[in-house]
Amino acid sequence: MALERTFSIIKPDATKRNLTGAIVKKFEDAGLRVVASKRIHLSKAQAGEFYKVHAERPFYDELCEFMASAPIVAQVLEGENAIAKNREVMGATNPADAEAGTIRAEFAESVGENSVHGSDAPETAAIEIAYFFSGLELVG
Ligand code: PCG
């Protein structure tokens, strides 16, 4: 299979606890390569735009507040089957359901403060990458 790219966020709960390196190591150990990376502090409006597909969910406001509460690290990860591999390494959204050894099993605090985000499909990966990075910033 050809190389694929996915979009990843290391969330505020993880950056606050200085877990950026530990999380990136899990991705790299799984064969994913960081081809773009930036640490930024989103405004609530920017978080809301990113998560607008969830606008009708009851947790939307809480989600946007949380994502704007501290810096995040936005990254593009590249590898074979990068989208599926990234999701495997992250584990289930709710850390209570995440398999041992996954990022969320080891680090996540709750379903909301769950340390990482990863794209769920090629179409969303393309949209999410373009929201944070220009083509010039993707260095394979
Ligand atoms: P992510 O970033 O992959 O995509 C949407 C996010 O919504 C998800 O991870 C969770 O962190 C968050 N989310 C899902 N369910 C809930 C919930 O019940 N409460 C809160 N606060 N957040 C949730």
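For the structure itself, look to the data block above.
Residues numbered from 1 in each chain as written. Predicted model: local features only at pLDDT ≥ 70, side-chain atom pairs only at ≥ 80, totals over all residues. Heavy atoms only, no water.

Visitor: Just checking my understanding: could you explain unusual backbone geometry for this structure?
Guide: Excluding glycine, residues mostly carry a negative phi; peptide bonds, for their part, are mostly trans. Even without a glycine there, the phi angle at N81 is positive, about 50°. For N81, the position within the fold is in the loop between strand 3 (72–80) and helix 5 (82–90). Here S115, not a glycine, exhibits a phi torsion of approximately 70°, which is positive. Examined against the element boundaries, S115 turns out to sit in the loop between helix 6 (103–107) and strand 4 (116–118). With a relative accessible area of 0%, S115 lands in the buried category. (Helix = DSSP H or I, 4+ residues; strand = E, 2+ residues; numbered from the N terminus. Buried < 20%, exposed > 50% of the residue type's maximum accessible area, 1.4 Å probe, protein only.)

Visitor: Sorry if this is basic, but what is going on with the site of the ligand here?
Guide: Close contacts around the ligand come from K11, Y51, H54, F59, E62, L63, T93, R104, V111, G112, N114 and H117, and that covers them all. In the model, a nitrogen atom of the ligand is placed 3.0 Å from a nitrogen or oxygen of the E62 side chain. Residue N114 places a side-chain N or O atom 3.2 Å away from an oxygen atom belonging to the ligand. Burial of the ligand by the protein amounts to 80% of the accessible area it has alone, namely 480 Å². Among the cavities detected, the one that contains the ligand is the largest pocket. Of the residues that constitute the shell around the ligand, the class distribution is 4 nonpolar, 5 polar and 3 charged. (Near = heavy atom within 4 Å. Polar contact = N/O pair within 3.5 Å; in protein donor to acceptor, adjacent residues only side chain to side chain. Areas by Shrake-Rupley, 256 points an atom, 1.4 Å probe, with all protein chains shown as cover. 1 Å grid on protein atoms, 1.4 Å probe; cavity = no way out; pocket = protein on both sides within 12 Å on 5 of 7 lines; lining within 4 Å. Sits in = over half its atoms within 2 Å of the grid points. Nonpolar A, V, L, I, M, F, W, Y, C, P; charged D, E, K, R; others polar.)

Visitor: Could you clarify how one ought to interpret the layout of surface pockets in this entry?
Guide: A probe as big as a water molecule, rolled over the atoms, marks out the empty space that is left. Estimates place the volume of the largest pocket at around 860 Å³. Lining the largest pocket are 32 residues; nearest its centre among them are Y51, V53, H54, L63 and H117. Counting residues per element, the ones that place at least two in the lining of the largest pocket are helix 3 (44–50), helix 4 (60–67), helix 5, strand 4 and helix 7 (122–132). (Points joined across faces, edges and corners; volume = space filled by probe spheres on them.)

Visitor: Where do I start with the nonpolar core in this structure?
Guide: As a rule of thumb, soluble globular proteins bury nonpolar side chains together. Membership of the largest hydrophobic core comes to 19 residues, with the highest contact counts inside it found for F7, I9, M67, F132 and F133. Among the elements of the structure, strand 1 (3–10), strand 2 (33–40), helix 3, helix 4, strand 3 and helix 7 are those that each provide at least two residues to this core. Here this core takes 5 residues from helix 4, the largest share from any one element. Ignoring sequence-local partners within four residues, the contact set of F132 consists of F7, I9, K38, I40, L42, F50, I72, A74 and E137. Among the nonpolar cores identified, the runner-up in size contains 15 residues, and I10, L19, F27 and L77 belong to it. (Core = buried A, V, L, I, M, F, W, Y, C linked by side-chain atoms within 4.5 Å. Contact = heavy atoms within 4.5 Å.)

Visitor: Which parts of the structure should I look at to understand the sheet that holds strand 1?
Guide: In sheet architecture, strand pairing relies on hydrogen bonds along the backbone and comes in two forms, parallel and antiparallel. Reading across from one edge, 2-3-1-4 is the order of the 4 strands in this open sheet, with antiparallel pairing throughout. Sheet topology places strand 2 and strand 4 at the edges, where each strand pairs with a single neighbour. If you compare each strand with its neighbour and ignore which way they point, the axes differ by 20° on average. Sheet topology note: the strand 2/strand 3 ladder contains 7 bridges and is antiparallel. Across the sheet, residue R33 finds its bridge partner in strand 3, namely E78. Contacting strand 1, strand 3 and strand 4, helix 5 runs over the sheet at an angle of about 35° to strand 1. (Pairing = 2+ DSSP bridges. Axes fitted to C-alpha atoms, helices over the stretch in contact; angles between N-to-C directions.)

Visitor: Help me understand helix 2 (residues 20–29), please; the structure alone is not making it clear to me.
Guide: Think of an α-helix as 3.6 residues a turn; residues three or four steps apart then line up on the same face. Among the residues of helix 2, I23, V24 and F27 are the ones counted as buried. The buried residues of helix 2 all sit within an arc of 95° when viewed along its axis, so they share a single face. Exposed residues pointing more than 90 degrees away from the buried face of helix 2 are listed as G21 and D29. (Arc of directions from axis to C-beta.)

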